[in-house]
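# Geometric and topological summary
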Amino acid sequence: MYQFRDPIHGFIDVSDQELKIIDCPPFQRLRNIKQLATTYLVYHGAEHTRFGHSLGVMHLVSRAFRSSLENYKKNNGIELYDEITKAWYLQILRIIGLTHDLGHAPFSHASEALFDDGIEHEDFTKKIICETEIAGYIMDIGEEFQKNHNVGKEYDITPELIWLIYGKKNPELDPRYRMPDYKFLKSFMDSELDCDKMDYLLRDSYYCGVNYGKYDLNKLLASLNIYKNPKENIIQLAVERGGIHAFEEFVIARYFMFIQVYFHKTRRHLDRQLVESIKEVLPNSKYPTEVDEYLKWDDDLILDKIKENTNLHEASRHFINRRVMSCVYETRVHSDGISDIHLFNAIRRELKLKVDPNCDILEDKANKLAHKIPTLEYYDAASGKGIPIILEHTDKPSSIAAESILLQSLIKPINIKRIYVSKEYSMQAREIVYEFLQEEEEE
Amino acid sequence: MKPMQSNVAFIIKNIQSISGDCPGKKTLQKLVFLIEQKGIDLGCEYGLHFYGPYSAVLDAAASSLDEEGIISFDYSGYSHRMSVNPDWDIKSEVSEDQEKTISDVLTRYKDWNPSKLELLTTAIYAYDNLQEKTRESVIGGVKKIKGSKYSQDEINNVIQEFSYFNKEI
């Protein structure tokens, strides 16, 4: 057993077998993949990487899985799974948590546009899990599990099983896929209340030096439960009614972090410049598709190559010198599709007409961000969307959108649009916007 | 408007006019799935999100139509019904024949309730994703996904619809 000291969770325990994964080069590469891309150029503390986040997610899936099973037993008087299955699923979840971000490109989501068409970072995660030394370490964990629990091959843990549960598209009809157990396991990593979000909100908040992402983690974990509906073949991660306020805090944390950090106006522009700069230094302006070649690329190599490039284009020069365009107009956070967007389009037209012809004008909108816009969905058993809330007096689960008046307004999605202009023309552009809005008001 | 947006707006408008109801997100998901099954490639890339075929691409297209003011969502109820704003002149990017097919699908299933649509789309999804295209394997596939929610008779009944989609079983 080994322990990592983590600023968010304190001591994180890892087994000797898990440590082999952590110590190998494809995992150590994560020490050099910043969690929040260029955010460190806005919030200078945001130098944290996917390494700590991956450990944090592994730690949280263990806590969340155990807590939900304990609460289920308390409520129902029976265990959801026998001891061996429980231990097996826990080990599988820990590996998924640990390895889920292995395929990230340098600067995380920011440069994913430079993958070959149709490729996503998850495709590289699969290759790294299944084709590098990590595959062998996962197999070792599987063998050790079988030996320690005196069980057979039905409790094997393989890279393919990890991928089947976490990443494979449309896996349900694969004969190896256990419905609904594997869906349940995946919900710890991919749902409105997953451990990925639980970790990154706290971690990003801590490193950015902001309070927006904080919520009561211990209460939230202690409130986790399981919604089981055998008739509809559903087992889902759920929250007990007593945890609604902690869940509300979590949802609001996500909302604030999106607006204040992930979609920060300067960070968005720097990310855009970074992508243009990376394009200039990558062979054929794309990341390699072969896994060993891909793994050579990390943040340091990208920055070194950009700095070495003597033939820098404008975007790269601006990026290196942190010269950003100015945001001169931004819609309301929940702008409506009719009046707000008409006004936005009219301002853009006005600027194009009146601002100096040498001035660059750029647009950005929230739905272009890789981070999903946090929207709140009613719980729907048929689609699995939303998080079920377990009530004491009925078997039918409710949803946070129905139980929380506070969160009702978040059902409407975030719809921010921005216009940027070259810095030297920002005064002129702001005046044009101001005058236009004055005229609109008078009309 | 991008072709995907135009086509989705066109379908939403037609659902409104054919069924007389504004569709919710779930109904739209199921009906577009069936339209694609009739050979009209709208680029929706369906997967089984949790318990029924679901397209994130379609969800994103509906959201972007809302952001652009082309459709409006009514957020007051549970199902977030959507409607095309009357100021917009909606034209699809599909051929006239394909428009007729869309209309035919929407008319055929206008009286089907969401549960039956869910069963039909899941059965088709199972058929498409199973190697063995037999009645038994489709029934087994639906039961694996849905548990005991639907009876054997109910599954058998929707399998009769497969011929409409040129699926041999």
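Worth saying up front: this structure is predicted, and the values here are computed from it rather than measured.

This part is about the interface of chain B and chain A. Taken residue by residue, the interface counts 29 residues in chain B and 24 residues in chain A. For the side of chain B that touches chain A, the secondary-structure elements that each account for two or more residues are β1 (47-48), α3 (56-67), α5 (114-129) and α6 (135-146) of chain B. A breakdown of the residues in the side of chain B that touches chain A according to their chemical character gives nine nonpolar, 12 polar and eight charged.

Residues and elements named next belong to chain A. Spatial strand order, β5-β9-β6: three strands in an open sheet with antiparallel pairing. The open sheet has two edge strands, β5 (326-330) and β6 (361-365), and neither has a second partner. Direction aside, the axes of adjacent strands within the sheet are offset by 30° on average. Of the strand pairs in this sheet, β5 and strand β9 (residues 417-421) are connected by four bridges, and their pairing is antiparallel. Residue pairing for β9: glutamate 330 is matched across the bridge by arginine 418.

The next thing to look at is the sheet that holds strand β7 (residues 388-390) of chain A. All names here are of chain A. Strand order in the open sheet formed by four strands is β3-β4-β7-β8, with mixed pairing between adjacent strands. One side of each edge strand has no neighbouring strand; the edge strands of this open sheet are β3 (224-229) and β8 (398-399). Sheet topology note: the strand β4 (residues 234-240)/β7 ladder contains two bridges and is parallel. Its bridge partner lying in β7, valine 239 is registered against isoleucine 389. Sheet strands in contact with helix α3 (residues 50-76) are β3 and β4, and its direction is about 60° off that of β3.

Below, the discussion takes up the pairing of strand β1 (residues 2-6) of chain A. Residue and element names in this part refer to chain A. Here β1 lies mainly on the outside; zero of its five residues are buried. Alignment of β1 against strand β2 (residues 10-14), held across five bridges, turns out to be antiparallel. By the bridge assignment, phenylalanine 4 is partnered in β2 with isoleucine 12. Hairpin connection, β1 to β2: the antiparallel pair is bridged by three residues.

Next up on the list: the confidence of the model for chain B. With 97% of its residues at a pLDDT of 70 or more, chain B shows a mean pLDDT of 91. Quick note on the complex model: pTM equals 0.90, ipTM equals 0.79.

Scoring rules and cut-offs
- Residues numbered from 1 in each chain as written.
- Chains lettered and ligands numbered in written order.
- Predicted model: local features only at pLDDT ≥ 70, side-chain atom pairs only at ≥ 80, totals over all residues.
- Contact = placed C-beta atoms within 7 Å.
- Helix = DSSP H or I, 4+ residues; strand = E, 2+ residues; numbered from the N terminus.
- Nonpolar A, V, L, I, M, F, W, Y, C, P; charged D, E, K, R; others polar.
- Pairing = 2+ DSSP bridges.
- Axes fitted to C-alpha atoms, helices over the stretch in contact; angles between N-to-C directions.
- Buried ≥ 20, exposed ≤ 12 C-beta atoms within 10 Å, placed from the backbone.
- pLDDT = per-residue confidence, 0-100.

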